[in-house]
Amino acid sequence: MSPDSPASSKMTGRIPGISRCLYSPRKMALARRMADTLVCRDMKLGVIGCGKMGGALVEGAIRSGAIPASQVRGCDSHAATADAFAAATGATLAPDIASLDADTFLLCTKPHHAAAALAALPAGDALLISVAAGLTTAWLESRVPAGVRVVRCMPNTPALIGKGAAAFCRGSAATAADTDAARLLLGSVGLAVELPESLMDAVTGLSGSGPAFVYIMIEAMADGGVRAGLPRADALKLAAQTVLGAAAMVLETGIHPAALKDMVASPGGTTIAGLAELEKHGMRSAFIEAVHAAARRSAELGAS
Ligand SMILES: NC(=O)c1ccc[n+]([C@@H]2O[C@H](COP(=O)([O-])OP(=O)(O)OC[C@H]3O[C@@H](n4cnc5c(N)ncnc54)[C@H](OP(=O)(O)O)[C@@H]3O)[C@@H](O)[C@H]2O)c1
């Protein structure tokens, strides 16, 4: 079996073809500075579900220096996933949730496994950080034992390569130190912002679902390149790097995207000709409606 085959990725919890090594020195330095001031130095982290998201978050947190591997313990119902997590992170393993011996639990099971996992949590003063999509703080709080505080997160798939965009919100009893802990963990694999829970569906529609919207855009731009004569492989690389570079321009210069667009659209030039086509085909409105539809769907799923 190839290490990147779907079956082997199920065994290890990894995504085929993805290695988690894209951590910029700038982000590492920032995370180290945050780690100096925040609470994770003393945290005992227990990871419930060591698959793709659990593995990515812990690997990011350890690589960034936010928490040493010696303070992380994981457990997973799938032995091969647990072993791959331990090998990749240097963390130790516990045979079950009750043996995690943690003050902070990171819930990284699929949402439909969460109730069973929470029922196994020990009672007492502890924090639960959940990344399970759609599970509200009220739902989590109704299932954790007394004394356990809750923070809910919505990460996205680029977190798996250290380029995530995540939001988190606090439960009714969560403290500032609890949200610092969530910010540090999520921030070690990308951007992390705190928002009110009422906006989590909007986050799901934008950064949660957004990678798929951008993949389509990259694929379509590459098709345009092929139509204009480029070899397929080069077109795909050029399209993806163009999206990466444009996103970095927005984030690193702080210049509004409309101003950046104006800077590259010279009178009578090629870019304005392309932009006119995009406007003719309603591209702007298509993105607005896509994010809105995904947010509405998230709310519907949360209510059901
Ligand atoms: N992957 C993403 O990009 C992404 C993005 C946003 C949010 N999330 C959220 O992250 C969570 C995890 O997703 P994932 O993609 O990392 O899933 P995953 O790779 O399937 O990992 C979840 C792991 O948890 C294990 N598990 C289930 N019940 C358990 C229990 N009671 N105790 C210990 N381990 C248990 C599963 O084992 P079995 O396979 O044996 O059940 C599996 O190995 C989900 O709730 C998802 O909504 C993920």
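What you see is a predicted model; the values in this text were computed from it and never measured.

### Some words on the overall build of the chain
1) Next: Check the secondary structure of the chain and you find 13 helices and eight strands.
2) Next: Sequence separation of at least 24 residues holds for 62% of the intrachain contacts in the chain that already meet a minimum separation of 6.

### A word on the sheet that holds strand 6 (residues 148-154)
1) Next: Pairing within the open sheet is mixed, and its eight strands lie in the order 3-2-1-4-5-6-7-8. Two strands bound the open sheet, and with one partner strand each, they are strand 3 (92-93) and strand 8 (190-194).
2) Next: Relative to strand 6, strand 5 (residues 126-130) is paired through five bridges, and the arrangement is parallel. When the bridges of strand 6 are listed, A126 appears paired with V148.
3) Next: In this fold helix 3 (residues 52-63) packs onto strand 1 (45-48), strand 2 (72-75) and strand 4 (104-107), with an angle of close to 170° to the strand it touches most, strand 2.

### Side note on the pairing of strand 7 (residues 164-170)
1) Next: For strand 7, a buried count of six out of seven residues is recorded, marking the element as mostly surrounded by other parts of the structure.
2) Next: Alignment of strand 6 against strand 7, held across four bridges, turns out to be antiparallel. Across the sheet, V151 pairs through a bridge with R170, a residue of strand 7.
3) Next: What joins strand 7 to strand 8 is helix 7 (residues 176-187), and the crossover it makes is right-handed.

### Topic: the site of the ligand
1) Next: Neighbouring the ligand are 26 residues, the closest being G49, G51, M53, A132 and A133.
2) Next: Of all elements in the fold, only helix 3 and helix 5 (111-119) reach the threshold of two or more residues within the shell around the ligand.
3) Next: When residues of the shell around the ligand are assigned to their parent elements, the largest contribution, four residues, is made by helix 5.

### Topic: unusual backbone geometry
1) Next: A positive phi angle, near 50°, is found at D101, a position not held by glycine.
2) Next: In this structure, D101 sits in the loop between strand 3 and strand 4.
3) Next: Given 11 C-beta atoms within a 10 Å radius, D101 is considered exposed.

### Let's talk about the environment of Q71
1) Next: With respect to the element layout, Q71 can be found in the loop between helix 3 and strand 2.
2) Next: By the C-beta count within 10 Å, which is 19 here, Q71 ends up partly exposed.
3) Next: In sequence terms Q71 and A102 are 31 residues apart; their C-alpha atoms lie 8.7 Å from each other.

### Some words on the packing of helix 8 (residues 200-208) against helix 13 (residues 283-303)
1) Next: At a minimum axis distance of 7 Å, the contact between helix 8 and helix 13 shows a crossing angle of 135°. Taken as axis vectors, helix 8 and helix 13 run oblique relative to one another. You can see that helix 8 and helix 13 cross each other, and the crossing is right-handed. Along its contact with helix 8, which presents D201, A202, T204, G205 and L206, the element helix 13 presents V291, H292, A294, A295, S298, A299 and G302.
2) Next: Partitioned by chemical class, the residues of the contact of helix 8 with helix 13 number six nonpolar, five polar and one charged.

### With respect to the pairing of strand 2
1) Next: Here strand 1 pairs with strand 2 via four bridges, running parallel. For G46, the partnering residue across the bridge sits in strand 2 and is R73.
2) Next: Once you follow strand 1 into helix 3 and on to strand 2, the crossover reads as right-handed.
3) Next: Alignment of strand 2 against strand 3, held across two bridges, turns out to be parallel.

### Overview of the environment of A295
1) Next: Note on placement: A295 falls in helix 13.
2) Next: With 20 C-beta atoms packed within 10 Å, A295 lands in the buried category.
3) Next: On a C-alpha basis, the gap between A295 and A202 in space is 4.9 Å, while along the polypeptide they are 93 residues apart.

### Description of helix 8
1) Next: Burial within helix 8 is extensive, with nine of its nine residues counted as buried.
2) Next: Turning to helix 8, its buried residues are M200, D201, A202, V203, T204, G205, L206, S207 and G208.
3) Next: Along its buried surface, helix 8 packs onto strand 6, strand 7, helix 9 (210-227) and helix 13.

### Points about the confidence of the model for the chain
1) Next: On average, the chain scores 89 in pLDDT, and the residues at 70 or more come to 87%.
2) Next: Ignoring residues within four places in sequence, the model shows residues 1-15, a span with pLDDT below 50, making 27 contacts including any to other chains.
3) Next: Considering only residues more than four positions removed or in separate chains, one finds that residues 17-23, a stretch of pLDDT under 50, has 15 contacts.

### Let's talk about the nonpolar core
1) Next: The biggest cluster of nonpolar side chains holds 63 residues, and the ones touching the most others in it are L107 and I129.
2) Next: No other element matches the six residues that helix 3 contributes to this core.
3) Next: The contacts of I129, once residues within four sequence positions are left out, are T104, L106, L107, V151, C153, A181, A182 and L185.

What counts as what
- Each chain carries its own residue numbering, running from 1 in the written order of its sequence.
- Residues qualify for local features only when their pLDDT is at least 70, as the model is predicted, and side-chain atom pairs are given and counted only at 80 or more; totals for whole chains, interfaces and linings, by contrast, use all residues.
- Comment: elements are numbered from the N terminus, with helices defined as DSSP H or I runs of at least four residues and strands as E runs of at least two.
- Throughout, a residue-residue contact means that the two C-beta atoms, derived from backbone geometry, are no farther apart than 7 Å.
- Should DSSP find at least two bridges between two strands, the strands are taken to pair.
- Think of each axis as a best-fit line through the C-alpha atoms, taken over the contacting stretch in the case of a helix, with angles from 0 to 180 degrees between the N-to-C directions.
- To sort residues by exposure, count the other C-beta atoms lying within 10 Å of each residue's C-beta; 20 or more gives buried, 12 or fewer gives exposed, and values between give partly exposed, all with C-beta atoms placed from the backbone.
- Crossover handedness is defined by viewing with both strands directed away from the observer: a clockwise path from the first strand over the helix to the second marks the crossover as right-handed.
- We call a residue near a molecule or strand when the C-beta position, derived from backbone atoms, sits within 6 Å of it.
- Each angle is binned into one of four classes, with values under 35 degrees roughly parallel, values over 145 roughly antiparallel, values of 65 to 115 roughly perpendicular, and all other values oblique.
- Two helices crossing with the near one rotated counterclockwise from the far one by less than a right angle form a left-handed crossing, whereas a clockwise rotation gives a right-handed crossing.
- By the convention adopted, Pro, Cys, Tyr, Trp, Phe, Met, Ile, Leu, Val and Ala count as nonpolar, Lys, Arg, Asp and Glu as charged, and the other residues, Gly among them, as polar.
- The pLDDT score gives, residue by residue, the confidence of the prediction method on a 0 to 100 scale.
- Here, a nonpolar core means buried Ala, Val, Leu, Ile, Met, Phe, Trp, Tyr and Cys residues linked by C-beta atoms lying within 7 Å of one another.

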